[in-house]
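Spelled out from the first residue to the last, the chains are:
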Amino acid sequence: MDLKERAFYLAEEFTDFLLEDKQRGSIIVNINADHFRVVYTEFKKIGYKLVHKTSIKDGKSFTLVFVYQIK
């Protein structure tokens, strides 16, 4: 299983919506705020860096943009 597949499986645990930009190696995901720490930590472990985080007014969900960092 490659890193992109691992990231997709991880994200699928927390959301039904996932966008990928293959050219830039980025993933956009919308998650419940309660799951932020787990998602952030697990994406970081597999080589993705959080580059953008947005929340709506009620603060119950986040839209996150992760970019794969070549090591």
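Everything below is about the structure printed above this text.
Quick summary incoming for the structure in this document. By convention here, each chain's residues receive numbers from 1 onward along its written sequence. Note on the predicted model: pLDDT of at least 70 is required for a residue's local features to be given, and 80 or more for side-chain atom pairs to be given and counted; whole-chain, interface and lining totals, by contrast, use all residues. Derived side-chain values reflect all non-hydrogen atoms in the structure, with water molecules and hydrogen atoms excluded from consideration.

### Comments concerning the sheet that holds strand β1 (residues 18–21)
Two strands make a pair as long as DSSP finds a minimum of two bridges between them. Labels follow the DSSP assignment, with helices taken as runs of H or I lasting at least four residues and strands as runs of E lasting at least two, numbered in each case from the N terminus. Across the sheet, which stays open at both edges, the four strands sit in the order β1-β2-β4-β3 with antiparallel pairing between neighbours. Edge positions in the sheet fall to β1 and β3 (48–55), since each has one partner strand and no second. On average, adjacent strands in this sheet sit at an angle of 20 degrees to one another, irrespective of strand direction. The pairing of strand β2 (residues 26–32) with strand β4 (residues 61–68) spans seven bridges and is antiparallel. Paired with Ile27 across the bridge in β4 is Phe66. By definition, residues are in contact when any of their heavy atoms lie within 4.5 Å. Geometry is summarised by axes, namely lines fitted to C-alpha atoms with helices restricted to the contacting stretch, and by angles between N-to-C directions that run from 0 to 180 degrees. Its contacts with the sheet put helix α1 (residues 3–12) on β1, β2, β3 and β4, and the angle it makes with β1 is roughly 160 degrees. Each of β2, β3 and β4 is contacted by helix α2 (residues 36–45), which is oriented at about 5 degrees to β4, the strand it contacts most.

### Observations regarding the packing of aromatic side chains
For Phe, Tyr and Trp, where Trp contributes only its six-membered ring, two rings pair if their centres lie within 6.5 Å, and the inter-plane angle classes them as stacked under 30 degrees, edge-to-face over 60, or tilted in between. If you walk through the whole model with that rule in mind, you get five aromatic pairs. For the ring pair Phe36 and Tyr40, a centre distance of 5.7 Å and an interplane angle of 20 degrees mean the geometry is stacked. On the criterion of helical spacing, the pair formed by Phe36 and Tyr40 is a turn pair, its members being four residues apart in helix α2. Categorising residues by exposure relies on relative accessible area from a 1.4 Å probe, with only protein chains included: less than 20% of the type maximum marks a residue as buried, more than 50% marks it as exposed, and the intermediate range marks it as partly exposed. By relative accessible area, Phe36 is classed as buried at 18%. By relative accessible area, Tyr40 is classed as partly exposed at 31%.

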